[in-house]
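This is what each chain is made of:
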Amino acid sequence: MSQHSFRDTHAVCTERFAIELPSPDELVIALAGNPNTGKSTVFNALTGMNQHTGNWAGKTVGSAIGRFRHQEHSFTLVDLPGTYSLLSQSADEQVARDFICFANPHATLVVTDATNLERNLNLALQVMEVTDRVVVAVNLMDEAKRKGITIDFVKLQAELGVPVIPMTARSGEGLNELKEMLWKVALGHVTPTPKLTTYSEQVERAVTALLPQVEPLVSGVLRSRWVALRLLDGDESVLQALEQYTLEHPRLFSTGDVVIPS
Ligand SMILES: Nc1nc2c(ncn2[C@@H]2O[C@H](COP(=O)(O)OP(=O)(O)OP(=O)(O)O)[C@@H](O)[C@H]2O)c(=O)[nH]1
Ligand SMILES: [Mg+2]
């Protein structure tokens, strides 16, 4: 997925997720993170009263949808249910996964807890496999300070390859920096270059073998490495979602079976 297509994002948001976007140049931001990291606090601080609850196709789980403006641009922010992993199974977690993986948002913000960074970064690393356009917010910096935790942000950003913004959402600290970075990433003024996780030699060999088959099916729609990894997982729920959300792209899974190397 190299170039961002506004048309695709807007079509998928409207048709699949029942999210009405007010104008054709609206920027869509997914707001993800582990439970209790301050996502809704960030969401409320950014959108104020300008929000409502979304409820999309077949899911009982709602997501709050809000809007804000920055640099003459209008943003729609989707506050997703907390999740530890994109490979999880609960209904809430599937909502988060489906939006991040299939809605093609202009940027995905992963809110993390500064006092529990190692566990929280697992989700960030997974999101970075799906899309380049990731911003990581390290929230609860006040708590981290209180506990004597210091974080080397220059190093963290270099290791991840995506912008990292320290913040204390409760007091509004870091919010302006966050908005500025979301704007830059959404419009391509900043191009993150995520450092991707390398798996065991066996898995990497299987991915390499699959890529030539997967690439022509998903190029321009999904990142082929991510799809190859999911095919290797054989996770039924992800595979179903892949089919469900890519029906408009008949190339996907319709040109014969992908042969998974053993
Ligand atoms: N000290 C401190 N508390 C915060 C900060 N941000 C959020 N909180 C608090 O953390 C708790 C959880 O915040 P939420 O915004 O509800 O977290 P969430 O990620 O939306 O939680 P779920 O939607 O349940 O996953 C609340 O009590 C917030 O007031 C912060 O920067 N510092
Ligand atoms: Mg919340």
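Here the structure is shown first, and the text comes after it.
Below is a short write-up of the structure. (Residues numbered from 1 in each chain as written. Chains lettered and ligands numbered in written order. Predicted model: local features only at pLDDT ≥ 70, side-chain atom pairs only at ≥ 80, totals over all residues. Heavy atoms only, no water.)

This part takes up the packing of helix α3 (residues 91–102) against helix α10 (residues 236–245). The geometry of α3 relative to α10 is characterised by a closest axis approach of 11 Å and an angle of 50° between their N-to-C directions. If you check the angle between α3 and α10, you find them oblique. Between α3 and α10 the crossing geometry is right-handed. Contacts between α3 and α10 involve Gln-94, Arg-97, Asp-98 and Phe-102 on the former and, on the latter, Ser-237, Val-238, Ala-241, Leu-242 and Tyr-245. Within the contact of α3 with α10, the residues separate by chemical class into 5 nonpolar, 2 polar and 2 charged. (Axes fitted to C-alpha atoms, helices over the stretch in contact; angles between N-to-C directions. Helix = DSSP H or I, 4+ residues; strand = E, 2+ residues; numbered from the N terminus. Parallel < 35°, antiparallel > 145°, perpendicular 65-115°, else oblique. Left-handed = near helix turned anticlockwise from the far one by under 90°. Contact = heavy atoms within 4.5 Å. Nonpolar A, V, L, I, M, F, W, Y, C, P; charged D, E, K, R; others polar.)

Of all the 7 residues making up strand β1 (residues 27–33), 7 are buried; the element is thus mostly covered by neighbouring parts of the structure. Covered by surrounding structure in β1 are Leu-27, Ile-29, Leu-31 and Gly-33 together with Val-28, Ala-30 and Ala-32, the residues of both alternating faces. Where β1 meets strand β4 (residues 73–79), 5 bridges bridge the pair, whose relative direction is parallel. Bridge pairing in β4 links Ile-29 to Leu-77. Pairing between β1 and strand β5 (residues 107–113): 5 bridges, direction parallel. Bridged to Ile-29 within β5 is Ala-107. (Buried < 20%, exposed > 50% of the residue type's maximum accessible area, 1.4 Å probe, protein only. Pairing = 2+ DSSP bridges.)

When we look at burial in helix α2 (residues 39–47), the residues that qualify are Lys-39, Val-42, Phe-43, Leu-46 and Thr-47. For α2, the angular spread of buried residues about the axis comes to 110°, placing them on one side. (Arc of directions from axis to C-beta.)

These values are about where atoms sit, not about what they do.
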